[in-house]
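Here's the letter readout for the chains.
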Amino acid sequence: MTEPLLRMSGVRAYYDGVEALHGIDITVDTGEVVVVLGANGAGKTTTLRSICQLTTTTGEIRFDGDLISGASTSSIVRRGIAMVPQGRGTLGDLSVEDNLLAGAVTRRDKGVAGDIASWYETFPRLAQRRHQTAGSLSGGEQQMLAIARALMLRPRLLLMDEPSLGLAPVIVRDLFDVLARINRERGVAIVLVEQNAVLALDIAQRGYVLEAGNLVLSASADQLRQDDAVRLAYLGN
Amino acid sequence: MPLRIERGSRRHRLLRLALAGGAAVLLLGLPHLLGTVSQVDTLSQIAAYSVAILGLIILMGYCGQISLAHSAFIGLGGYTTVILVADHDWPYLATIPVSIVICLAVGALIGIPALRIRGLYLAAVTLAVAALFPALVIRFEELTGGTSGKFAREAMQAPEWFFVNPYTRVGPSIVRFYVIAAVAVLVFLVARSILRSRIGRSMVALREAPLSAAASGVQVARVKIFAFAISGAFGGVAGSLLAIQLPQASDTRYTLDLSIFLLVALVAGGSGTMLGAIPGAIIFVTLRTFVSDWAAALPGFQGSDGGQIVGIISCLLLLAIVFLMPTGVAGGLQKAGRRLVQFTDPVPAGWRRFQLSASSQPTPSADAGGSQTASSPQPENSGAPTKG
Amino acid sequence: MGTVLSQAVSGGQADLDVVAARRRRARLRAVLVVIVLLAAFSVWAVIDGGAQLYLQRFFDGITNGLLYGLAALSLVIVFKATGIINFAQGPMAMLGCYLALTVLEMWPMPVLLAIVIAMVVSGLGGAVLERVLIRPFDPDNHMAIIIVTLALFLGFNALAALVWGFRPLSFPSPFPQGTADAIEIAGARLSYQAIGTALLVVGAVVVLELVLNRTRLGLSFRCVANDVANSRLLGIDIGRTVQFSWALAAAVGTLGACLIAPSTYVDPGFMNKILVYAFAAATLGGLDSIRGALAGGLLTGLSVSLVTGYLPGVGSELGLVVGFAMIIAVLQFKPAGLFGNRAMERV
């Protein structure tokens, strides 16, 4: 089997007719953590949005061999791609428990209650606040809830858009531990868009660098760490 | 290839002069071409309603505020005229300023809640105003005549020197049409200068990007209240003009349905340009008179069913336009017109001085100007560079 | 894992709690102001006209208020899911009511059964309307959707007048309606009809809450009401959920119209007046709160009944003015309504 879990070939994305991605090729293998680096406006978020078909795209996107470009977002999500959008990935007016239930709203199996219980075990804070609205949680708790909510879908691919944004450094470290463990234990592939390149490269196997809507570099995490240009631009040394 | 005419050029001025002349000839000649009283009266109604729709266009098309209260303004204007003429022996034309003042005030009042709320709430408030008006008419019976309505006995008379002979059968109708049309033209000119003024541009800014408009110094409160007041005043003028055409007022004439029918007319005519009021008014009056008569004469329907069929047709018409032609008849005509003639903005004198670098900056060539006018005319285009 | 997180309570947490508490207090204060106003008016009313008359007005107000609340509910359901006020809600409910009437005429059956049939049919009709006329538009294109609902307002009113005429028809009550069918409390009549209506409304609201809080579709609905973009990422079919809200609103609206009809009469415009009261109730409740709509309905009903019943010069025909004044007052002093969460844009 050479077919990767996700393959984007020659994908161009558009906002109101303006091209934001100029034909990029990205692959993600099963169980892999891939980081996407780039400056603001380079098209990182757009890449994730293209995978979920939240923007107009041309080119080919295949998930598990099936063509998903052109499909509706809800059908793509049902296939097993979960996305945690930038900032607030939770439903602020709903309780923590309802958020988790909402994450599994497309699932028809009996395992939902068990999954919720296991997430409460992972994040005891969420269990304490299960009847509070998600909007009343702290930033770190909301991000944890967003991840748990996304994983309630039991996805095979998790798209994370700048999970560290606006969080205290100590919480960010914790967050990446969680992501690494989720990847290790559940075999969920992760595409991570992140400004905090040091931490992201720690848990990633491979990475891509975007610049102004073009893919300029594709290498293993180690190679990226060694690359002078990347070090200068994203690692700060 | 469309014909390109530069704004402000001699050809442009000539074209505009010719169009204005044509319109004047049409307005003056049309009533004489039509033979019967009812046809001329229909024409008067179109002129009067175009003023009302113009008020809506200013509010909804330019300022982006929804109003369903227009029936109340038309009613206010109508009752003002009829009451002053019937009970106080005022001349008809003198009542129009009174209508304007009353409706300006009431419009501004309705505009006040619009400061705190937007879109839907506003529509709800104005809907309540429209629903309220007939109830108020019935409540203040001694003033308005209540459910039996109010009538002015004497129709409007032309002065002796007027060039239309009032002693033919069509004469009085034609006189009334000229008066109504003259007032309507005046109102359109006023509207044009308002929309071209600073406050008119503020309205558009407010519609397009309220936050940016406020941030760049548009006085949101003042502009919104002004838009409501002006729109209300135009409604009042229309009410007075309708009362000139037919001097009676009753609670059933100014219902919420009238507001929604006007909305149909607005959307059908096109709310993007002032001139949309004219096709709008034609559609409105056609629906309410000719289509109504035609429908009532259909086999299987009674005379009273005409109004219902018009309601259903209006509903379908509105849906069809929203789906197929969101810019309305006027928008469609404009688009077709652009295939024939395109107006380009003149290149500002000495623009080269403001060019930053010869190669990288886009230059305001005739070509760029042409493509911009194709999407939307932008007067700033010519004004901005010369300012600095 | 998660241990650092559970210990590191960021400063934002305390702030959020303070904001929530402040909001709760503000809400409580607003409700208190309204209740104090009503109570003060009531005291004056009792002194002015005696306890029996007051109690009668009170009962009338509560009964009407519950019905206004139900009508408001049908507006709120669609508003929550779409951010749109469905101006055709009144005429849709009116058509549902005529439908129940026609069903009753054709096949003899209990009134309640006819109402349920009409509710089901209206629900289906609402779903079809959404699919055909609403979904083709960009959900953010509010102006176009409002124009569609206004077109329907016109069309439905005309259709009803064409089919059933303007003659006011009486609608049978599902409850005994005779002069003797009432209980007396301190000399004031509380008819079985009023009691039954109130119970039905409360029952309907309970069922609605259960549907929204306990079912998968209800959960989808609450997600969409909260955040459309996030809901899409949950795999929720937005169109289907909005369709569900239209169906639900149409059914609730029909129930409301059928319960209002016995105390008025049915003609093509009979729900238009109610629509103003429903707006008042929904605005008072905040437009995005189900319980708020019901509470707003109660307050509207009580205020209209008391003000028109007691203030000299305000006849019953000016009830609409009271409703209007309430809308204006709420928007002026508390634009988000008494129970609403949605912050109003103010530019």
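Residues numbered from 1 in each chain as written. Chains lettered and ligands numbered in written order. Predicted model: local features only at pLDDT ≥ 70, side-chain atom pairs only at ≥ 80, totals over all residues. Heavy atoms only, no water.

## Quick look at the overall build of chain C
(1) Moving on: Looking only at helices and strands, chain C has 13 helices and two strands in total.
(2) Moving on: The long-range share in chain C, meaning contacts at least 24 apart out of those at least 6 apart in sequence, stands at 74%.
(3) Moving on: Accessible area of chain C: about 14200 Å², with a carbon and sulfur share of 66%. (Helix = DSSP H or I, 4+ residues; strand = E, 2+ residues; numbered from the N terminus. Contact = heavy atoms within 4.5 Å. Areas by Shrake-Rupley, 256 points an atom, 1.4 Å probe, with all protein chains shown as cover.)

## Quick word on the packing of aromatic side chains
Residues and elements named next belong to chain B.
(1) Moving on: Considering all chains together, one arrives at 14 aromatic pairs over all chains under this definition.
(2) Moving on: Ring pairing ties together the aromatic residues Tyr79, Phe133 and Tyr254, which thus form one cluster.
(3) Moving on: The cationic tip of arginine 288 hangs over the ring face of phenylalanine 261; the distance from NZ or CZ to the ring centre is 5.1 Å. (Phe/Tyr/Trp six-rings, centres within 6.5 Å; stacked < 30°, edge-to-face > 60°. Lys NZ or Arg CZ within 6 Å of the ring centre and 35° of its normal.)

## Focus: a nonpolar patch on the surface
(1) Moving on: On the surface, B:Leu27, B:Val185 and B:Leu189 cluster together into a nonpolar patch covering about 230 Å² of accessible area.
(2) Moving on: Turning to its location among the elements, B:Leu27 is positioned in helix α1 (residues 10-33). (Patch = residues over 30% accessible without salt bridge, like charges linked within 9 Å, V, L, I, M, F, W, Y side chains within 5 Å. Salt bridge = Lys/Arg side-chain N within 4 Å of Asp/Glu carboxyl O.)

## Quick look at the sheet that holds strand β9 (residues 206-211) of chain A
All names here are of chain A.
(1) Moving on: Reading across from one edge, β6-β7-β8-β3-β9-β10 is the order of the six strands in this open sheet, with mixed pairing throughout. Single-partner strands in this sheet number two, and they are β6 (81-84) and β10 (214-220). In this sheet, neighbouring strand axes are inclined to one another by 15° on average, regardless of whether the strands run parallel or antiparallel.
(2) Moving on: In terms of strand pairing, strand β3 (residues 33-38) meets strand β8 (residues 189-193) through four bridges, oriented parallel. By the bridge assignment for β8, valine 34 is matched with valine 191.
(3) Moving on: Where helix α6 (residues 139-151) meets the sheet, it contacts β6 and β7 (157-161), and its direction lies at approximately 170° from that of β6.
(4) Moving on: Docked against the sheet, helix α7 (residues 169-186) engages β3, β7 and β8, running at close to 150° with respect to β8. (Pairing = 2+ DSSP bridges. Axes fitted to C-alpha atoms, helices over the stretch in contact; angles between N-to-C directions.)

## Observations concerning the interface of chain C and chain A
(1) Moving on: Contacts between the two partners involve 26 residues from chain C, matched on the other side by 42 residues from chain A.
(2) Moving on: Taking both partners together, chain C and chain A bury about 3000 Å²; carbon and sulfur atoms supply 62% of that area.
(3) Moving on: Between the two partners, chain C and chain A, sit one salt bridge.
(4) Moving on: Two residues, C:Arg222 and A:Asp98, come together in a salt bridge whose shortest N-O distance is 2.7 Å.
(5) Moving on: Seen at the junction of chain C and chain A, the total is seven residue pairs in polar contact (both at pLDDT 80 or more).
(6) Moving on: Elements with a minimum of two residues in the side of chain C that touches chain A: α1 (3-7), α2 (11-49), α8 (216-226) and α9 (228-233) of chain C.
(7) Moving on: Here the side of chain C that touches chain A takes six residues from α8(C), the largest share from any one element.
(8) Moving on: Tallied by class, the residues present in the side of chain C that touches chain A amount to eleven nonpolar, ten polar and five charged. (Buried area = accessible area lost by both parts, 1.4 Å probe. Polar contact = N/O pair within 3.5 Å; in protein donor to acceptor, adjacent residues only side chain to side chain. Nonpolar A, V, L, I, M, F, W, Y, C, P; charged D, E, K, R; others polar.)

## Points about the interface of chain C and chain B
(1) Moving on: If you look at the interface, chain C gives 49 residues, while chain B gives 45 residues.
(2) Moving on: Carbon and sulfur atoms supply 81% of the area that chain C and chain B bury against each other, a total of about 4200 Å² over both sides.
(3) Moving on: Connecting chain C to chain B are zero salt bridges.
(4) Moving on: At the boundary of chain C and chain B, one finds zero residue pairs in polar contact (both at pLDDT 80 or more).
(5) Moving on: When contributions to the side of chain C that touches chain B are tallied by element, the ones reaching two or more residues are α5 (111-134), α6 (142-164), α11 (270-285) and α13 (319-333) of chain C.
(6) Moving on: The element best represented in the side of chain C that touches chain B is α6(C), accounting for 17 residues.

## Some details on the packing of helix α3 (residues 96-103) of chain A against helix α4 (residues 112-122) of chain A
All names here are of chain A.
(1) Moving on: Running from N to C, α3 and α4 point in directions that differ by 130°, and their axes come no closer than 10 Å. One element, α3, and the other, α4, form an angle in the oblique class. α4 is crossed by α3, and the crossing has right-handed handedness. Here Val96, Glu97, Leu100 and Leu101 of α3 come into contact with α4, specifically with Val112, Ile116 and Tyr120.
(2) Moving on: When the residues that make up the contact of α3 with α4 are grouped by side-chain class, the tally is six nonpolar, no polar and one charged. (Parallel < 35°, antiparallel > 145°, perpendicular 65-115°, else oblique. Left-handed = near helix turned anticlockwise from the far one by under 90°.)

## Observations concerning the pattern of salt bridges
(1) Moving on: Considering all chains together, one arrives at 22 salt bridges over all chains under this definition.
(2) Moving on: The closest approach of N and O atoms between A:Arg206 and A:Glu32, which form a salt bridge, is 2.5 Å. Of the two residues, A:Arg206 sits in strand β9 while A:Glu32 sits in the loop between β2 (18-28) and β3, which places them 174 residues apart along the sequence.
(3) Moving on: Taking the shortest distance from any N to any O, the salt bridge between B:Arg176 and B:Asp41 comes out at 4.0 Å. Placement of the pair is B:Arg176 in helix α7 (residues 171-196) and B:Asp41 in helix α2 (residues 37-62), with a sequence separation of 135 residues.
(4) Moving on: In this structure B:Asp41 comes out as buried when scored by relative accessible area, which is 15%.
(5) Moving on: A cluster of three or more residues bridged by salt bridges with shared partners is formed by A:Arg107, A:Asp109, A:Asp115 and A:Arg154. (Buried < 20%, exposed > 50% of the residue type's maximum accessible area, 1.4 Å probe, protein only.)

## Let's talk about the sheet that holds strand β4 (residues 56-63) of chain A
Residues and elements named next belong to chain A.
(1) Moving on: Here we have four strands laid out as an open sheet, ordered β2-β1-β4-β5, and antiparallel in their pairing. Each edge of the open sheet is held by one strand with a lone partner, namely β2 and β5 (66-67).
(2) Moving on: Pairing of strand β1 (residues 6-15) with β4, which is carried by seven bridges, proceeds in the antiparallel orientation. If you follow arginine 12 over to β4, its bridge partner there is threonine 58.
(3) Moving on: Taken strand by strand, helix α1 (residues 44-51) contacts β1, β2 and β4, and its axis lies near 110° from that of β1.

## Some details on unusual backbone geometry
Residues and elements named next belong to chain A.
(1) Moving on: In this model, aspartate 64 sits at a positive phi of 60°, which is unusual for a non-glycine residue.
(2) Moving on: Relative to the helices and strands, aspartate 64 resides in the loop between β4 and β5.
(3) Moving on: Non-glycine residue arginine 154 carries a positive phi angle of around 50°.
(4) Moving on: Tracing the sequence through the fold places arginine 154 in the loop between α6 and β7.

## Observations regarding the pairing of β4(A)
(1) Moving on: Pairing between β4(A) and β5(A): two bridges, direction antiparallel. The residue of β5(A) that forms the bridge with A:Phe63 is A:Asp66.

## A closer look at the environment of A:His131
(1) Moving on: With respect to the helices and strands, A:His131 occurs in the loop between α5 (124-128) and α6.
(2) Moving on: In the structure, A:His131 is positioned 35 residues away from A:Val96 in sequence and 6.1 Å away in space, judged by C-alpha atoms.

## Some points on the confidence of the model for chain C
Residues and elements named next belong to chain C.
(1) Moving on: Here chain C averages 82 in pLDDT, and 90% of its residues register 70 or above.
(2) Moving on: When the criterion is pLDDT under 50, residues 1-13 qualifies, and its contacts beyond four places in sequence or with other chains add up to 22 contacts.
(3) Moving on: Ignoring residues within four places in sequence, the model shows residues 343-347, a span with pLDDT below 50, making twelve contacts including any to other chains. (pLDDT = per-residue confidence, 0-100.)

## Topic: the packing of α1(B) against α7(B)
All names here are of chain B.
(1) Moving on: Where α1 contacts α7, the axes come no closer than 9 Å and their chain directions differ by 155°. When the axis of α1 is compared with that of α7, the two are roughly antiparallel. Considering only the axes of α1 and α7, their crossing is right-handed. Contacts from Arg16, Leu27, Leu28, Pro31 and His32 of α1 reach α7 at Ile174, Phe177, Tyr178, Ala181, Val185 and Arg192.
(2) Moving on: Class assignment for the residues of the contact of α1 with α7 results in eight nonpolar, one polar and two charged.

## Some details on α3(A)
(1) Moving on: Of all eight residues in α3(A), six are buried; the element is thus mostly enclosed.
(2) Moving on: All of the buried residues in α3(A) are A:Val96, A:Asp98, A:Asn99, A:Leu100, A:Ala102 and A:Gly103.
(3) Moving on: Buried residues along α3(A) sit against α4, α5 and α6 of chain A together with α8 of chain C.

## Some words on the pairing of β3(A)
Residues and elements named next belong to chain A.
(1) Moving on: With six of its six residues buried, β3 lies for the most part within the structure.
(2) Moving on: What you see with β3 is no split at all: Val33, Val35 and Leu37 on one side and Val34, Val36 and Gly38 on the other are buried throughout.
(3) Moving on: Pairing of β3 with β9, which is carried by five bridges, proceeds in the parallel orientation. Of the residues in β9, the one forming a bridge with valine 34 is arginine 206.

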